[in-house]
Amino acid sequence: MGKEEAYKRMSQAVIDGDADTLVEAVKEVIDQVEPLEIIQEGMMPGLKKIGDMFGAGEIFLPEMLMAAEAFQEGMKLVEPRILAKGQKVEKTGVVVFGTVLTDIHEIGKNIVITLMKTHGFEVYDLGANVSPTTFVDKAEEVNADIIAMSSLMTTTMTYQKDVIDYLKEKGLREKYIVLVGGGPVNEEWAEQIGADGTSDSATGAVELAKRLIQNKKGR
Ligand code: B12
């Protein structure tokens, strides 16, 4: 089976919430292609489709949940391959990463974290539903360079601003690079809340993080 065919099967398997078929299709190509390509070309289109279907009221929460679970089964195969590529990389910086308060979406955050690790970042994953105090306390504790926040809903993205406001309140805003991301987040939003940047892709997020760290350390 060619990779295009395998990617189509992966996407459909995510939509169907069919972890077995997804894992099978991933195994068919995993030794031949870039692991990140499997996520981007094979698995993510399915998740996007399921989100659109949910938004249109064509499916309900159980189907979305099954799609997410199938996706995560696929990730179990792909993630070690991505991590294996970055074993001998020099340390780039320290990142504290979480999904904001009342938001439990973690898939995108986890992909960005995996890729950051392969580029030498030491990443502290705070999980989901993370409060401003937790973000900031952890960043202080581990002497982080970057605070990174993910948010997948229009109703939760405002908590990204709360973290930045809390940093300002504590007189710590200038100490950290603040990155924001996730579905509804764009450049305009990042600028509006006073974040240092955003990206809608994992590779873009890593490039941005590297560039901003270089600038900061060069100061
Ligand atoms: C999977 C999913 C779920 C899963 C999450 C499982 C998990 N453990 O993560 C489950 C089923 C649990 C779920 C629950 C809900 N969901 Co949901 N979900 C989705 C879905 C289909 C996909 C999200 C996803 O993982 N995308 C794939 C990843 C790779 O993309 P990403 O997160 O955007 O990340 C990329 C970039 O944004 C970027 N990035 C991400 N984070 C960061 C951070 C930084 C710093 C940077 C630089 C970059 C960056 O890099 C990533 C890689 O490319 C979306 C639809 C969609 N189009 O997004 C709906 C969606 C986000 N969900 C939605 C809703 C409404 C819900 C529920 C409220 C449903 C309900 N009635 O209960 C609950 C929310 C519960 C809560 N309190 O959080 C809505 C949100 C609408 C809104 N208000 O904005 C969406 C948009 C669906 C829709 N069309 O209506 N969901």
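To be clear, the structure that these remarks concern was listed above.
Here goes a summary of the coordinates provided. (Residues numbered from 1 in each chain as written. Predicted model: local features only at pLDDT ≥ 70, side-chain atom pairs only at ≥ 80, totals over all residues. Heavy atoms only, no water.)

### Some words on the side chain of R173
Link 1 in the chain: Topologically, R173 is positioned in the loop between α7 (158–169) and β4 (177–181).
Link 2 in the chain: Within the structure, R173 has its side chain in polar contact with the backbone oxygen of G194 (distance 2.9 Å). (Helix = DSSP H or I, 4+ residues; strand = E, 2+ residues; numbered from the N terminus. Polar contact = N/O pair within 3.5 Å; in protein donor to acceptor, adjacent residues only side chain to side chain.)

### So, the sheet that holds strand β2 (residues 121–125)
Link 1 in the chain: If you trace the 5 strands from one edge of the open sheet to the other, you get β2-β1-β3-β4-β5, paired in parallel fashion. Each edge of the open sheet is held by one strand with a lone partner, namely β2 and β5 (197–198).
Link 2 in the chain: Relative to the sheet, α7 contacts β3 (146–150) and β4, its axis offset from that of β3 by approximately 155°.
Link 3 in the chain: Packing of helix α9 (residues 202–218) onto the sheet brings it into contact with β1 (93–99), β2, β3, β4 and β5, and relative to β4 it is tilted by some 165°. (Pairing = 2+ DSSP bridges. Contact = heavy atoms within 4.5 Å. Axes fitted to C-alpha atoms, helices over the stretch in contact; angles between N-to-C directions.)

### What about the coordination of the cobalt atom of the ligand?
In a perfect tetrahedron of four donors around a metal, the angles come out at 109.5 degrees. In a perfect octahedron of six, they are 90 or 180 degrees.
Link 1 in the chain: Of all protein atoms, H105 (NE2) alone acts as a donor to the cobalt atom of the ligand, lying 2.2 Å away.
Link 2 in the chain: Mapped onto the elements, H105 comes out in the loop between β1 and α5 (107–118). (Donors = N, O, S within 2.8 Å, 3.2 Å for Na, K, Ca; no water.)

### Overview of the packing of helix α2 (residues 19–29) against helix α4 (residues 61–84)
Link 1 in the chain: Put simply, α2 and α4 touch, their axes get as near as 8 Å, and they point 30° apart. When the axis of α2 is compared with that of α4, the two are roughly parallel. Between α2 and α4 the crossing geometry is right-handed. Contact residues: A19, L22, V23, V26 and K27 in α2; A70, F71, E73, G74, L77 and V78 in α4. (Parallel < 35°, antiparallel > 145°, perpendicular 65-115°, else oblique. Left-handed = near helix turned anticlockwise from the far one by under 90°.)

### Some thoughts on the site of the ligand
Link 1 in the chain: Close contacts around the ligand come from 37 residues, with I104, H105, E106, S150 and T154 the closest.
Link 2 in the chain: Interatomic distance of 3.5 Å between a backbone N/O atom of G182 and an oxygen atom of the ligand.
Link 3 in the chain: Its atoms largely coinciding with the cavity grid, the ligand occupies the largest pocket.
Link 4 in the chain: Counting only elements with at least two residues in the shell around the ligand, the list comes to α3 (35–55), α4, α5, β3, β4 and α9. (Near = heavy atom within 4 Å. 1 Å grid on protein atoms, 1.4 Å probe; cavity = no way out; pocket = protein on both sides within 12 Å on 5 of 7 lines; lining within 4 Å. Sits in = over half its atoms within 2 Å of the grid points.)

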